[in-house]
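# Observations on the three-dimensional arrangement
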Amino acid sequence: MEWGLLFISFLIVLFALLFAGQWIAFALGTCSIIGFYVIGSGVAFNSIGNVIWKNTNSLTLTAIPLFIFMGEIILRSGISGKFYNGVTAWIGKLPGGLLHSNIVACAFFAAITGSSVATAAAIGSVAIPEQEKRGYNRKLVYGSIGGGGTLGILIPPSIPFIIYGVLTEQSVARLFMAGIIPGVVLALIFMAFIFIRVKLNKSLAPHYEDKITWSIRFKGLIDMFPLIFLIGIILGGIYLGVMTPTEAAAIGAIFSIGLCLFYRTLNFKMFKTALENTVKTSCMVLFIIVGASFLSYLMVVSGINRELTTWVVAQNFSISGFLILLVVIYFILGCLMDGNAMIFLTMPVLWPIIVQMGINPIWFGVFLVIMIELAQITPPVGLNLFVLHGVVRKTGIKDIGIGYIIMSCLPYFLLLLLMLLIISIFPGLATWLPANM
Amino acid sequence: MKILKMTNEIIGKLALIGALLAGVGVICMMILVGLDVVLRNLMNISIMISDEISGYLLVAFIFFGVTFAMRTGALLRIDFIYSKMRGYFKHIVDIILYVVTLAYTLILLKYSFIFVQNSFNFKTTSNSMLRVPMWIPQSVIVIGLFVLALQISISLIASILTLFKEDNVLQSILSNEEDDGEDQDFGEEAVF
């Protein structure tokens, strides 16, 4: 069969299944198996067992359940409130006050827990009632929590980086390092945005009147210490080559349990729930890898990869034109599906083209993760939006619709696009740190 | 209907046992990998087998845990159209999706079984010092997929029967995707 027809048929079947509500793991796998039938590859069928084994028996992937477990434990440790207060003690006096705390606390907490959704719930339930009481502009409050939560997947440890690294055989350690500077720059851009908005219109956020003494600041430092220390161990260990990302995940999980024991928040029920959620979330992600690995295999044995790459290269796209096209594709996909699913769906097809066009794979990892951040706040499937909406309603504010939340997050959407432009103009922001490991 | 209910309960138990084993697997991975780092960096000793065992544990984790993930509704789907489907139409779509899912799972099961059988027949072992017969860690794929196929089968049967009559037992089977105690209490304390 001609490759173009095969590819288009494949896309039609895949999207028909996906939009009908098929589980992503099964949709990817089913289409690939149908593809094996169509190309009549007996070898492909006989390789099924081997493909499953080779792609799941992976030490790198072990990092996923371990990081998720660490995040689940931290999420229930009762530390988010303390951390939030600690951050406020240091940056609460900036124009914009607690809004900056939202950004910083969300960025840190989402990085550690690996879940921007859980972060929006945890930080949102602490921050929203307080800022409502103090008369902060609602749009800025919701936006800072929704937007801030997206930062977590860029700042390591980050599950999308692990998935991308495994699918494209890139070093997860380097990808983690590549995310740090763009993550910090993005957080600063978010804070600068709040700073400017509040400077221009002081009524948006009241000045933080509470007296902050040095003893409060010192206590704040103690409250922030565990999370900063945890990120420090993970990133420091990886950067210095003392630990692999998987080992850092194991150490992080052990440390988080120790932290809960120290704070006396660890009990059997909490431990069981954390473990249950780890099994659910990790299996969900890891089972998609089985389907995605069949897709990769199909793309190779059917020759689609080779032909599609040759075709795209023959179109003489410039790299920037190609990247703009990808932004459009990922934007559309991001409106429709979860961010991690986007990686599974696109990488088996796009990866050879990216290599052929000479795009730096580490840089592209950062580009991809920023696109996923965008997906988290784009309707109709932007999970952050819905969780935030739920949290807002839970705090007793009933007159806010989902449309209001979407509009609140819109500036952050534009700032994420700005960040894409910045790393395109200054790729060193993403590539410098991994190059110096 | 009674048999159906009982079968569903048995599959539920199997899924729970799978989840328990997967949970134990995570703890073992954490201890094994963590211990290796500590021993290597502090005492210059390495547990040579930790990488290999962790890999096997991950395979077991995925395939033992996947049925539990499915029963608790954790598997990811694009549901902005699906969630709007109602009544007869939704039942038909469900049946089609379950048939497709079952066919896919059975194909994986068949070829995974052949793969494990080959490892057994050819006495394949790992390259490490452990010389693990590969069929042992590989069998978890077959076991996990078998339980998953059972889960999908019972959901499919319940979906088909629902077309003909509304029944509480059928509903309870189809809504296995219950939220099993996920607590949203993150133990926050707001002290500003």
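Structure: see above.
Bear in mind that the values here come from a model prediction, so they are computed numbers and not experimental data.

### Topic: the interface of chain A and chain B
- If you look at the interface, chain A gives 82 residues, while chain B gives 70 residues.
- Counting the surface lost from both chain A and chain B, the interface buries some 6,400 Å², and carbon and sulfur atoms represent 74% of this.
- For the chain A face of the interface with chain B, the top three residues by lost area are A:Trp23, A:Trp53 and A:Lys280, together amounting to 13%.
- Put simply, B:Arg40 and A:Glu247 hold a salt bridge, and the shortest N to O gap is 2.8 Å.
- Between chain A and chain B we count 5 residue pairs in polar contact (both at pLDDT 80 or more) in total.

### Considerations on the environment of B:Tyr111
- Inspection of the secondary structure puts B:Tyr111 in helix α3 (residues 87-121).
- Linking B:Tyr111 and B:Val142, residues 31 residues apart in sequence, is a C-alpha distance of 9.2 Å.
- Setting aside its immediate chain neighbours within four residues, B:Tyr111 contacts A:Phe45, A:Asn46, A:Ile48 and A:Gly49.

### Let's talk about the environment of A:Thr273
- Within the element layout of this structure, A:Thr273 appears in helix α14 (residues 268-301).
- For the pair A:Thr273 and A:Val366, spaced 93 residues apart in sequence, the C-alpha to C-alpha distance is 32 Å.

### Some remarks on the environment of A:Leu420
Residues and elements named next belong to chain A.
- Structurally, the position occupied by Leu 420 is in helix α20 (residues 402-425).
- Residues Leu 420 and Ala 110, 310 residues apart in the sequence, show an inter-C-alpha distance of 20 Å.
- Sequence-distant contacts of Leu 420, defined by excluding residues within four places in its chain, comprise Val 327, Phe 367, Ile 370, Met 371 and Leu 374.

### Some thoughts on the layout of surface pockets
Residue and element names in this part refer to chain A.
- Approximately 480 Å³ is the volume found for the second largest pocket.
- Around the second largest pocket sit 20 residues that line it, and Phe 7, Leu 308, Ile 329, Val 349 and Leu 350 are the ones nearest its centre.
- Those elements that provide at least two residues to the lining of the second largest pocket are α1 (3-20), α15 (304-314), α16 (319-336) and α17 (339-356).
- Partitioned by chemical class, the residues of the lining of the second largest pocket number 19 nonpolar, 1 polar and no charged.

### With respect to the side chain of A:Ser158
- Looking at the element boundaries, A:Ser158 is found in the loop between α9 (138-150) and α10 (159-168).
- Ignoring anything within four residues of it in the chain, the contact list for A:Ser158 reads A:Ile153 and A:Phe176.

### What about helix α6 (residues 79-91) of chain A?
All names here are of chain A.
- The end-to-end C-alpha distance of α6 is 18 Å, a good match for the 18 Å that 13 residues give at a rise of 1.5 Å each.
- Among the 13 residues that make up α6, 12 are buried, leaving the element largely enclosed by the rest of the structure.
- Every buried residue belonging to α6 is among Ile 79, Ser 80, Gly 81, Lys 82, Phe 83, Tyr 84, Asn 85, Gly 86, Val 87, Thr 88, Ala 89 and Ile 91, and all of these are buried.
- Summarising the contacts, the buried residues of α6 are in contact with α5 (63-75), α7 (98-113), α8 (116-133), α11 (172-200), α12 (214-239) and α13 (245-263).

Rules and cut-offs
- Residues numbered from 1 in each chain as written.
- Chains lettered and ligands numbered in written order.
- Predicted model: local features only at pLDDT ≥ 70, side-chain atom pairs only at ≥ 80, totals over all residues.
- Heavy atoms only, no water.
- Contact = heavy atoms within 4.5 Å.
- Buried area = accessible area lost by both parts, 1.4 Å probe.
- Salt bridge = Lys/Arg side-chain N within 4 Å of Asp/Glu carboxyl O.
- Polar contact = N/O pair within 3.5 Å; in protein donor to acceptor, adjacent residues only side chain to side chain.
- Helix = DSSP H or I, 4+ residues; strand = E, 2+ residues; numbered from the N terminus.
- 1 Å grid on protein atoms, 1.4 Å probe; cavity = no way out; pocket = protein on both sides within 12 Å on 5 of 7 lines; lining within 4 Å.
- Points joined across faces, edges and corners; volume = space filled by probe spheres on them.
- Nonpolar A, V, L, I, M, F, W, Y, C, P; charged D, E, K, R; others polar.
- Expected span 1.5 Å × (residues − 1).
- Buried < 20%, exposed > 50% of the residue type's maximum accessible area, 1.4 Å probe, protein only.

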